[in-house]
Amino acid sequence: SAVISQKPSRDICQRGTSLTIQCQVDSQVTMMFWYRQQPGQSLTLIATANQGSEATYESGFVIDKFPISRPNLTFSTLTVSNLSPEDSSIYLCSVVHATGISDTQYFGPGTRLTVL
Amino acid sequence: AQSVAQPEDQVNVAEGNPLTVKCTYSVSGNPYLFWYVQYPNRGLQFLLKYITGDNLVKGSYGFEAEFNKSQTSFHLKKPSALVSDSALYFCAVRDNYGQNFVFGPGTRLSVLP
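Everything in this summary refers to the structure shown in the same document. All of these numbers come straight from a predicted model, not from anything done at the bench.

Describing the overall build of chain A
Looking only at helices and strands, one finds zero helices and eleven strands in chain A. Beginning at the N terminus, the succession of helices and strands in chain A can be written as β-β-β-β-β-β-β-β-β-β-β. Against the globule reference of 13 Å for 116 residues, chain A gives a C-alpha radius of gyration of 13 Å, in line with a compact fold. Taking the principal axes of the C-alpha coordinates as reference, chain A spans close to 40 × 25 × 20 Å. Taking all 116 residues of chain A together, the buried fraction comes to 47%. Of all intrachain contacts in chain A linking residues separated by at least 6 positions in sequence, the fraction that spans at least 24 positions is 55%. For chain A, the exposed area adds up to about 5,200 Å²; of that, 48% sits on carbon and sulfur atoms. Considering chain A, the positive charge centre built from 7 side chains and the negative charge centre built from 8 side chains are found 9 Å apart.

Considerations on the state of the cysteines
Residue and element names in this part refer to chain A. Applying the stated criterion to the full structure yields two disulfides over all chains. Between the sulfur atoms of C23 and its disulfide mate C93 the distance is 1.9 Å. Across the disulfide from C23 to C93, rotation about the S-S bond amounts to roughly -65°, and the bridge is consequently left-handed. Pair noted here: C23 is in strand 3 (residues 19–25) and C93 is in strand 9 (residues 89–96), with a separation of 70 residues, a long-range link. Neither residue differs from the other here; C23 and C93 are each classed as buried.

Things to note about the sheet that holds strand 1 (residues 4–7) of chain A
Residues and elements named next belong to chain A. As summarised here, the arrangement of the four strands in space is 1-3-8-7, forming an open sheet in which the pairing is antiparallel. The open sheet has two free edges, formed respectively by strand 1 and strand 7 (68–72), since each of these has just one partner strand. Averaged over all pairs of adjacent strands, the angle between their axes in this sheet comes to 15°, without regard to strand direction. Relative to strand 8 (residues 75–80), strand 3 runs antiparallel, the two sharing six bridges. Within strand 8, the position partnered with C23 by the bridge is S76.

Topic: the nonpolar core
All names here are of chain B. Membership of the largest hydrophobic core comes to 28 residues, with the highest contact counts inside it found for W35, L47, L48, F74, L76 and Y89. Those elements that provide at least two residues to this core are strand 2 (10–14), strand 3 (19–21), strand 5 (32–38), strand 6 (44–50), strand 8 (64–68), strand 9 (73–78), strand 10 (87–94) and strand 12 (107–112). The element that contributes the greatest number of residues to this core is strand 10, accounting for four residues.

Calculation rules
Residues numbered from 1 in each chain as written. Chains lettered and ligands numbered in written order. Predicted model: local features only at pLDDT ≥ 70, side-chain atom pairs only at ≥ 80, totals over all residues. Heavy atoms only, no water. Helix = DSSP H or I, 4+ residues; strand = E, 2+ residues; numbered from the N terminus. Rg over C-alpha atoms; globule rule 2.2 N^0.38 Å. Buried < 20%, exposed > 50% of the residue type's maximum accessible area, 1.4 Å probe, protein only. Contact = heavy atoms within 4.5 Å. Areas by Shrake-Rupley, 256 points an atom, 1.4 Å probe, with all protein chains shown as cover. Lys, Arg positive; Asp, Glu negative; His and termini not counted. Charge placed at Lys NZ, Arg CZ, Asp CG, Glu CD. Disulfide = S-S within 2.5 Å. Pairing = 2+ DSSP bridges. Axes fitted to C-alpha atoms, helices over the stretch in contact; angles between N-to-C directions. Core = buried A, V, L, I, M, F, W, Y, C linked by side-chain atoms within 4.5 Å.

Right, here's the structure in full:
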């Protein structure tokens, strides 16, 4: 398994500002994912972040709004830019240790963002 | 493309009774199936997975799931529910070709004392 921490755990931000969320893993991992989850709802994949390459964004998500960094195999950041109330959500970091198709995906505790 | 359905938004069960949370899937190749649980204000926790072999998979906290290829289902079960099992449960699938996991909409389980 993997132990994943996220900072901050929650934040309240003003419209038009940005929030950067950090994800730290206790071991080196190949694949990292960023998800968005409305409380009590399912997960929506924002992007896949692999070290040494550009993040791959899902339909409906763009780099200008959600820039991602992946400087090494244990760390990633997601920035939510130009915040609006519609960005209020829980943001989850997730990892897979290796590229084996049967490998399990593990999740961080999430960052709860409220935009006023 | 992969997809996952969890036909019940909410499942209510009395403590001590058996519980079932349903999941059906659609994939192009061999399915790799996962169950996760999410407690309030927490991230998702891995419960169990089916890769190959025995159709009955045992996981954490006394949960098990049965893979049924003909019905394309992977229902989560527990013989005796606890109040502490009350949470949001997600089924997920990955196939031979996909890099990503596809999650179902989630089922909220309430175990009543």
